[in-house]
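Spelled out from the first residue to the last, the chains are:
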There are 2 protein chains.
Amino acid sequence: MAAACFRAGLRATATFSLFVRRLPPERGFLLAAGLEDVLQYLLALRFTPGALEWLASLGRFDGPFLDYLGSLRFTGQVRAMPEGTVVFAEEPLLEITAPLIEAQLVETAVINLIHLPTLIASKAARSVLAARGRPLAEFGLRRSHGTDAGMKAARAAWIAGFDSTSNVLAGKLEGIPLSGTMAHSYVSAFGDELESFRAYARTHPDACVLLLDTYDTVAAAHKAVQVARELAARGHRLAGVRLDSGDLDQLSREVRRVLDEGGAEYVPIVVSGGLDEHDVARLVSAGAPIDAFGLGTRIDTSADAPSLDLVYKLVRVDGRDVLKLSTGKESWVGPKAVHRVVGTDGGFTGDRLAAADEPVPHGAMTLLSPVMEGGELLRPHPALPEVRARAAAEVAALPEEVRRLSGPGEYRVEISPVLRARQAAARAKR
Amino acid sequence: MAAACFRAGLRATATFSLFVRRLPPERGFLLAAGLEDVLQYLLALRFTPGALEWLASLGRFDGPFLDYLGSLRFTGQVRAMPEGTVVFAEEPLLEITAPLIEAQLVETAVINLIHLPTLIASKAARSVLAARGRPLAEFGLRRSHGTDAGMKAARAAWIAGFDSTSNVLAGKLEGIPLSGTMAHSYVSAFGDELESFRAYARTHPDACVLLLDTYDTVAAAHKAVQVARELAARGHRLAGVRLDSGDLDQLSREVRRVLDEGGAEYVPIVVSGGLDEHDVARLVSAGAPIDAFGLGTRIDTSADAPSLDLVYKLVRVDGRDVLKLSTGKESWVGPKAVHRVVGTDGGFTGDRLAAADEPVPHGAMTLLSPVMEGGELLRPHPALPEVRARAAAEVAALPEEVRRLSGPGEYRVEISPVLRARQAAARAKR
């Protein structure tokens, strides 16, 4: 495409809009994430001599075009919602305005870099709602889709309100608090369960979370009481016990009783084992004495909805509003704004999808702002704790029914009259 | 765990087994992939000075343990099925035998590196069966879970029998044939659809696939006829047309008629647009005149089953068979072999999960063989076309009912009497 545009002399400025056409089933809202990676990508975009040489070897591209690619840098503008903003169907997460070829070449990367973080942050935010204040640990690296996905999932889950990750590299690179426990293989390797617990407690006296379900969970709880006493005698506290299989509601109650009767009432119970937000909600509603959850595969793969219908559409080129009419895929023309109306209590009462040049109504925020101009960042990326705080505030400001895990209410997004008029005008011109 | 084992003096040799506990719904078989990445990881495994410094800064690990990590290399043995082998529940894809800490430290990486390639190859193989010989292109990079996943999906889909990818870097690095077409934005940018087609044909006279559904598919088909004539006049052939939305069965018939009536009966029709193997099967069964499919998101995310219950379990340590009894998670003890019985027609008639030291029955193949000893590769990785050829032969050798897309028959995997006896002995010892 780029070669054809280059040869045809198409150098006009174009605007592309990145948005989700419809929310997955059961999702009342999405949480935008991934912008930092997109901006880093745009800053770094260039064709290396090796890449150019390989493209030349295909025999498909002429010299002038390859020279153009060699000098190509991203020189455009990016307007975007900050990471951690709640977003709904048809609302742009970002818009890129740049010379057509630049804006078009980055399509796959831009979608890819926003898709996964937004997918996982949105899934993880549901777990945070389900846990009602109980801490959550992200445990999913082993079954995330590759290593890059594992790093991005740890970051996205933390933005959404998870408290820690078991991904040590994410701790090192992103500063996310780490949490970890032992595996069944660790217990099995010792053969003697109590000895395996004691060895772990000796090495990690202040971070010892014992895994109880390798053989018999309740029997292991009695051994945990023993280890808790031994730790207490040396001035330490057992940091927790973990259940990873079986009927977690019933077992957590039995284990709580054993711990309490053994004087270890201060020891929290952590559960894990293929759980998702619905399992968390069910256990919390049942009043199971569970203090924290470890969530992995089903969060890191967004198991019930492993993709978003995220698209990057040309909406204006050379000053002309662009319309696409493909069946079921019509989208709104032109650069856009999202105006969010905030009630007197700080809650969000509805959004308005508008043309970018419309005035912001009184009492509304506008969600997209310029973050890159002329290919240069306008300001440093926000620190991750700031993004996490924004996400928490945004989710808290949603109407209660929009936050529901099942059958969420639909958040109101109206289309501005100006945008409707421009859409009609573009359609009339075809 | 490693620190606790180190401090407790646990240096015994351990064997871990990597297998899927149960197949996802609708999957009759899996296609093993990802071994090359695991072996490369094991060869490269080391803690860098920077990593050691950071671990030391956590204040959780003592000097002797950090020194041990600094000198740690993978020194063990790997027995594995070759990539492209069909595999079933409970059958090890690989087994690692190494000093306990080494074998345990690599758990997350080993699962992660096998999980995605096996997941995607297994999903893609179903699409290949559904297409009954029609070429498939992998189009999913934009919504794969990150960039690493996009690279791995292109490779896995090609192993499974896809014919090409739109992922240019996968073409460069893995030698996978590339295919690409234009996007709707390309057509929109020109405004005039015919001009956009002509510009593309001028630049790619021998690889021109025209996207027909930006405005009106049938009207665009007439323009494609025009471009085909213009190309033919210059000695080229229009390489194809693509439909990406709407009723693909009906539209493909209308477009075929327009092409045929316009003398472009040689131009193939490619369809795409959120399809999976069931859509492909339906369109093929309906007799829609579709020559090739572009499959993306639903293959690259394995949308109906985005994870496998892939686990890495300790099965022997210090010569002792290891048993784990967690509810619903019991697994077979000891290093294992998979014996596959081949009928006189070359078809697979059933497998036997056996102890690794059992003799291979007459007429059976044994599927795991040593690929690494003492941390060194025993032979170069097989070339990708070899892996792809193996996958095709393996899938073809399956009983027909096991290959069914919906409600597949269960492939017979029996447990050897020796393995059953060892399991009983291990249970009796607890």
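Residues numbered from 1 in each chain as written. Chains lettered and ligands numbered in written order. Predicted model: local features only at pLDDT ≥ 70, side-chain atom pairs only at ≥ 80, totals over all residues.

A. Molecular detail of the confidence of the model for chain A. In the predicted model, chain A carries a mean pLDDT of 96, and the fraction of residues at 70 or more is 100%. Across the interfaces of the predicted complex, the ipTM metric reaches 0.97, alongside a pTM of 0.97. (pLDDT = per-residue confidence, 0-100.)

B. Examining the sheet that holds strand S15 (residues 348-355) of chain B more closely. Residues and elements named next belong to chain B. Read across the sheet, four strands follow the order S16-S14-S15-S19 without closing on themselves; strand pairing throughout is mixed. With one partner strand each, in any of the chains shown, strand S16 (364-366) and strand S19 (413-415) form the two edges of the open sheet. Here the strands of the sheet are splayed against their neighbours by 25° on average, with no regard to which way each runs. Strand direction decides the pairing type here: strand S14 (residues 336-342) and S15, joined by seven bridges, are antiparallel. Opposite Ala 337, over in S15, you have Ala 354 as the bridge partner. (Pairing = 2+ DSSP bridges. Helix = DSSP H or I, 4+ residues; strand = E, 2+ residues; numbered from the N terminus. Axes fitted to C-alpha atoms, helices over the stretch in contact; angles between N-to-C directions.)

C. Expanded view of the packing of helix H11 (residues 217-233) of chain B against helix H12 (residues 248-261) of chain B. All names here are of chain B. Remark: H11 packs on H12, axes separated minimally by 9 Å, with the N-to-C direction vectors making an angle of 30°. Considering the angle they form, H11 stands roughly parallel to H12. Here H11 and H12 pass one another in a crossing that is right-handed. Two secondary-structure elements touch here, H11 through Thr 217, Val 218, Ala 221, His 222, Ala 224 and Val 225 and H12 through Leu 251, Glu 254, Val 255, Val 258 and Leu 259. Residue classes in the contact of H11 with H12 are distributed as eight nonpolar, two polar and one charged. (Parallel < 35°, antiparallel > 145°, perpendicular 65-115°, else oblique. Left-handed = near helix turned anticlockwise from the far one by under 90°. Contact = placed C-beta atoms within 7 Å. Nonpolar A, V, L, I, M, F, W, Y, C, P; charged D, E, K, R; others polar.)

D. Representation of the relation of the copies chain A and chain B within the structure. Turning chain A through 180° and shifting it by 0.0 Å along the axis lays it on chain B, with an RMSD of 0.0 Å. Taken together, the rotation and translation describe the operation of a two-fold axis. Comparing interface residues between copies, 98% of those in chain A also lie at the interface in chain B; the contact surface is shared. (Least-squares fit on C-alpha atoms with pLDDT ≥ 70 in both.)

E. Up close: the pairing of strand S1 (residues 13-20) of chain B. Residues and elements named next belong to chain B. By the criterion of burial, S1 is predominantly enclosed, with seven of the eight residues buried. Looking at chain direction, S1 and strand S5 (residues 94-99) are connected through six bridges and run antiparallel. Bridging from a neighbouring strand, Thr 13 pairs with Pro 99 of S5. Examined bridge by bridge, S1 and strand S12 (residues 310-317) share seven bridges and lie antiparallel to one another. Considered in S12, the bridge of Ala 14 is made with Val 317. (Buried ≥ 20, exposed ≤ 12 C-beta atoms within 10 Å, placed from the backbone.)

F. Quick look at the interface of chain A and chain B. Between chain A and chain B, the contact holds 66 residues from the first and 65 residues from the second. Only helix H1 (2-7), strand S1 (13-20), helix H5 (100-105), helix H6 (107-131), helix H7 (147-159), helix H9 (184-190), helix H10 (193-203) and strand S12 (310-317) of chain A provide two or more residues apiece to the side of chain A that touches chain B. Of the residues assigned to the side of chain A that touches chain B, the class counts are 28 nonpolar, 24 polar and 14 charged.

G. Geometry of the sheet that holds strand S6 (residues 136-138) of chain A. Residue and element names in this part refer to chain A. Overall, parallel pairing links the six strands, which are arranged S7-S6-S11-S10-S9-S8 in an open sheet. If you trace the sheet from one side to the other, it starts and ends with strand S7 (164-165) and strand S8 (209-211), each paired once. With three bridges joining them, S6 and strand S11 (residues 292-295) adopt parallel strand pairing. From the neighbouring strand, Leu 136 faces S11, where its bridge partner is Phe 293.

H. Seen up close, the environment of Pro 335 of chain A. Residue and element names in this part refer to chain A. Note that Pro 335 resides in the loop between strand S13 (320-321) and strand S14 (336-342). With 20 C-beta atoms packed within 10 Å, Pro 335 lands in the buried category. Taking C-alpha positions, Pro 335 is 8.7 Å from Asp 321, a pair spaced 14 residues apart along the chain. Ignoring anything within four residues of it in the chain, the contact list for Pro 335 reads Thr 15, Glu 95, Thr 97, Val 315, Arg 316 and Ala 356.

I. Structural view of the domain arrangement of chain A. Residue and element names in this part refer to chain A. You can read the domains of chain A as domain 1 (2-105 + 314-333 + 371-412) and domain 2 (132-300). Taking the mean C-alpha position of each, domain 1 and domain 2 sit 38 Å from one another. Every contact between the two is made by ten residues of domain 1 and, on the other side, ten residues of domain 2. Element by element, the count of residues in the side of domain 1 that touches domain 2 is highest for helix H15 (residues 384-396), at five residues. A class-by-class count of the residues in the side of domain 1 that touches domain 2 yields seven nonpolar, one polar and two charged. (Domains from an automatic or database assignment.)

J. Layout of the packing of H7 of chain A against helix H7 (residues 147-159) of chain B. Where H7 of chain A contacts H7 of chain B, the axes come no closer than 6 Å and their chain directions differ by 150°. Put simply, H7 of chain A runs roughly antiparallel to H7 of chain B. Note on packing geometry: the crossing formed by H7 of chain A with H7 of chain B is left-handed. Taken together, the residues of H7 of chain B that come into contact with H7 of chain A (itself represented by Thr 147, Asp 148 and Ala 149 of chain A) are Thr 147, Asp 148 and Ala 149 of chain B. In terms of residue class, the contact of H7 of chain A with H7 of chain B is made up of two nonpolar, two polar and two charged.

K. A look at helix H12 (residues 248-261) of chain A. All names here are of chain A. Helix length check: H12 (14 residues) gives 19 Å between terminal C-alpha atoms against 20 Å at 1.5 Å per residue, within 8%. Those residues of H12 that sit buried are Leu 248, Leu 251, Ser 252, Val 255, Arg 256, Val 258 and Leu 259. Buried residues in H12, looked at end-on, bunch into an arc of 165°, giving them a common side. In this structure, H12 carries Gln 250 and Glu 261 as exposed residues pointing more than 90 degrees from its buried face. Residues of H12 that are buried in the fold lie against helix H11 (217-233), strand S9 (240-243), strand S10 (269-271) and helix H13 (277-285). Just past H12, the residue Gly 263 takes up positive phi, approximately 80°. (Expected span 1.5 Å × (residues − 1). Arc of directions from axis to C-beta.)

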